[in-house]
Amino acid sequence: MRRAIVVVLDGCGAGEAPDAAVFNDHEHPSTLLHVWQHAGKINAPNLIGAGYFTAGLVEGLTPGLNSFEVQYGRLRELSMGKDSVTGHWEMMGIHTQEAFPTYPNGFPISLIKEFEEKIETQTLANKPSSGTTIIEELGELHMETGFPIVYTSADSVFQIACHESIVPIDKLYDWCRIARSLLVPPNAVARVIARPFEGEPGNFRRTERRKDFPLSPPKNFVDEIGDVLGIGVVPELFDGRGFRPVRRTQSNAEHAELLKEAMQSDAQFIFANFEDFDMLYGHRNNPDGFAKCLEEFDLVLGWLLGELRDDDLLILTADHGNDPTDASTDHSREYVPLCVIQQGSGVQALGDQDGMMVIGELVKGWL
């Protein structure tokens, strides 16, 4: 039985997109290239062999993997966004032509008031911020009052941060579901995100019980298969529709463990997202950590290559950029790498192609 495995290295952009300025990216982002340049070199022989860094504009490398046919290139996102929702949706054939709403000045007061009435408590913040900054700023006040911290970012997100000792996790999830029910046009935010944290003032830490509540996607390739094994945030991005029930993994190490289990299952399509690059390092402007994370993932990739059967197709890609060397801590509008690997020999450069739906078409063609 043929099998396709798509692995998304979250935030690993492959160079400035032609329309980057439209998305307020004026510093010429190029995530993989700039991380490589900052590190001097990254010890990732499998990613190098797959053409991942060459696709990311790093020069002087020689793609190629023993016993495998390797094709590599870049994909230009067509959808109006630079986030995980639009990226993953486009991979599965959804072209989002109208951008999801964003809130650089916070959410409308009427919306916040309606949310407060539904959850029967006041809220804090209502402004854009990074997740670590907002809990440092307001975490202590939240613990004193019990009021949830509501904030957004440059992406189309409605995020609710609560200390787990103050607001039980199930209650936080219920509040997110209430927010999701309120966020309809013209405020159809792409994702509501539960952001639980723990610790004491001055030493807060976000926990691993984050949960995403996205808009339900239009019909897409996942619906056609109807039995996809998703890893990490992927099932949540598609509102769970078409995915097998599996445990929610929260870090690259946990994703790797579930990927090992998935490779021993009867799943025909495995769709995984490894988000530590983006979440831990891109959003925190930490290129050293980003480089180390790529080296750690390379070990996972080495194992995965050893597990590929004759009837397997492996695709490595990304969903957007998140250049940790620029001033912004937001996602960046970039091309994404495309590496297609199967048993065989030879290397082919694919060049640049329009549309991340190329990935879904490759999977459909293979299966």
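Peer 1: Give me the overall build of the protein: which residues, what numbers.
Peer 2: Summing up its helical and strand segments, the protein has 13 helices and 13 strands in all. In terms of C-alpha radius of gyration, the protein reaches 20 Å, essentially the compact-globule figure of 21 Å for 367 residues. By its C-alpha atoms, the protein is 60 × 40 × 35 Å across when sized along the principal axes. A total of 367 residues make up the protein; the buried ones form 59% of that total. A separation of at least 24 residues holds for 68% of the contacts in the protein among residues at least 6 apart in sequence. By element, 48% of the accessible surface of the protein is carried by carbon and sulfur atoms, the whole surface being about 14,500 Å². Charged side chains of the protein number 30 positive and 55 negative; the gap between the two group centres comes to 4 Å.

Peer 1: Give me the pairing of strand β3 (residues 124-128): which residues, what numbers.
Peer 2: Note: β3 against strand β4 (residues 149-152), four bridges, orientation parallel. Bridge pairing in β4 places Lys127 opposite Tyr151. This β-α-β element, β3 to helix α6 (residues 131-145) to β4, shows right-handed connectivity.

Peer 1: For the packing of helix α10 (residues 252-263) against helix α12 (residues 287-307), give the residues involved together with the corresponding values.
Peer 2: Across the interface, α10 lies against α12 with an axial gap of 11 Å and an inter-helix angle of 5°. Considered as vectors, α10 and α12 are oriented roughly parallel to each other. On α12, the residues that touch Asn252, Ala256, Leu259, Lys260 and Met263 of α10 are Cys293, Val300, Trp303, Leu304 and Glu307. A class-by-class count of the residues in the contact of α10 with α12 yields seven nonpolar, one polar and two charged.

Peer 1: Before we move on, can you summarise the packing of helix α1 (residues 31-39) against α12 with the specific residues and values?
Peer 2: Direction vectors running N to C along α1 and α12 enclose 100°, while the axes themselves pass 9 Å from each other. By the angle between their axes, α1 is roughly perpendicular relative to α12. When α1 is examined against α12, the residues Thr31, Leu32, Val35, His38 and Ala39 are found in contact with a partner set consisting of Pro287, Asp288, Phe290, Ala291 and Leu294.

Peer 1: How would you summarise the sheet that holds strand β12 (residues 336-343) if you had to cite specific residues and measurements?
Peer 2: Across the sheet, seven strands lie side by side as β9-β10-β1-β11-β12-β2-β13; this open sheet has mixed pairing. The sheet is open, and its two borders are formed by β9 (229-231) and β13 (347-354), each paired with just one other strand. Averaged over all pairs of adjacent strands, the angle between their axes in this sheet comes to 15°, without regard to strand direction. Bridge count between strand β11 (residues 312-317) and β12: three bridges; the pairing is antiparallel. Counterpart to Ile315 in the pairing with β12 is Val340. Running at roughly 170° to strand β10 (residues 269-274), α10 makes contact with β1 (3-9), β9, β10 and β11 of the sheet. Running over the sheet, helix α13 (residues 357-366) touches β1, β2 (68-76), β10, β11, β12 and β13 and is turned about 175° from β11.

Peer 1: Explain the nonpolar core to me, and be specific about the residues and the numbers.
Peer 2: Formed by 80 residues in total, the largest nonpolar core has its most connected members in Leu47, Phe53, Phe271, Leu294, Leu314 and Leu316. Discounting chain neighbours no more than four positions away, the residues touching Leu47 are Leu9, Tyr52, Phe53, Leu294, Phe297, Asp298, Leu301 and Leu316. Core analysis: the second largest hydrophobic core is formed by 22 residues, Ile112, Tyr173, Ala179 and Val192 among them.

Peer 1: Can you lay out the packing of aromatic side chains for me, pointing to particular residues and giving the numbers?
Peer 2: Two aromatic rings, taken as a pair, are described by how far apart their centres are and by the angle between their planes. Counted under the stated rule, the structure contains 14 aromatic pairs. A ring pair is formed by Phe269 and Phe271, whose centres lie 5.5 Å apart and whose planes are at 15°; its orientation type is stacked. Across this residue pair, the class does not change: Phe269 and Phe271 are buried. Three or more aromatic residues link up through ring pairs in this structure, and these residues are Phe221, Phe238, Phe243, Phe269 and Phe271. The residue whose ring lies beneath Arg74 is Tyr335, and the NZ or CZ to ring-centre distance is 3.7 Å.

Peer 1: Outline the pattern of salt bridges, supporting the account with residue identities and numerical values.
Peer 2: The final tally for this structure, using the stated rule, is 25 salt bridges. The residue Arg209 makes a salt bridge to Glu164 at a minimum N-O spacing of 2.7 Å. Of this pair, Arg209 sits in the loop between β7 (203-206) and β8 (211-214) while Glu164 is found in the loop between β5 (157-163) and α7 (169-182), placing the two residues 45 residues apart along the sequence. Take Arg209: its relative accessible area is 33%, and that puts it in the partly exposed class.

Peer 1: Go over helix α5 (residues 109-119), please, and point to the residues and values.
Peer 2: If you check which residues of α5 are buried, you get Leu111, Ile112, Phe115, Glu116 and Ile119. Viewed end-on, α5 has its buried residues packed into an arc of 135°, placing them on one side of the element. Relative to its buried face, α5 has exposed residues pointing more than 90 degrees away, namely Ile109, Ser110, Glu117 and Lys118. Its buried side turned inward, α5 meets β3, β4, β5 and α7. Following α5 by one or two positions, Glu120 has its phi on the positive side, about 60°.

Peer 1: Account for the pairing of strand β6 (residues 191-200), with residues named and values stated.
Peer 2: Among the 10 residues that make up β6, seven are buried, leaving the element largely enclosed by the rest of the structure. Pairing of β5 with β6, which is carried by seven bridges, proceeds in the parallel orientation. Among the inter-strand pairings, His163 is bridged to a residue of β6, identified as Phe197. In terms of handedness, the path from β5 via α7 over to β6 forms a crossover that is right-handed. In the sheet, β6 pairs with β8 via four bridges, with the strands oriented antiparallel. From the neighbouring strand, Ile193 faces β8, where its bridge partner is Asp212. The turn joining β6 and β7, which pair antiparallel and follow one another in sequence, is formed by two residues; a positive phi near 90° is taken by Gly202.

Rules of the game
- Residues numbered from 1 in each chain as written.
- Predicted model: local features only at pLDDT ≥ 70, side-chain atom pairs only at ≥ 80, totals over all residues.
- Heavy atoms only, no water.
- Helix = DSSP H or I, 4+ residues; strand = E, 2+ residues; numbered from the N terminus.
- Rg over C-alpha atoms; globule rule 2.2 N^0.38 Å.
- Buried < 20%, exposed > 50% of the residue type's maximum accessible area, 1.4 Å probe, protein only.
- Contact = heavy atoms within 4.5 Å.
- Areas by Shrake-Rupley, 256 points an atom, 1.4 Å probe, with all protein chains shown as cover.
- Lys, Arg positive; Asp, Glu negative; His and termini not counted.
- Charge placed at Lys NZ, Arg CZ, Asp CG, Glu CD.
- Pairing = 2+ DSSP bridges.
- Right-handed = clockwise from strand over helix to strand, strands pointing away.
- Axes fitted to C-alpha atoms, helices over the stretch in contact; angles between N-to-C directions.
- Parallel < 35°, antiparallel > 145°, perpendicular 65-115°, else oblique.
- Nonpolar A, V, L, I, M, F, W, Y, C, P; charged D, E, K, R; others polar.
- Core = buried A, V, L, I, M, F, W, Y, C linked by side-chain atoms within 4.5 Å.
- Phe/Tyr/Trp six-rings, centres within 6.5 Å; stacked < 30°, edge-to-face > 60°.
- Lys NZ or Arg CZ within 6 Å of the ring centre and 35° of its normal.
- Salt bridge = Lys/Arg side-chain N within 4 Å of Asp/Glu carboxyl O.
- Arc of directions from axis to C-beta.

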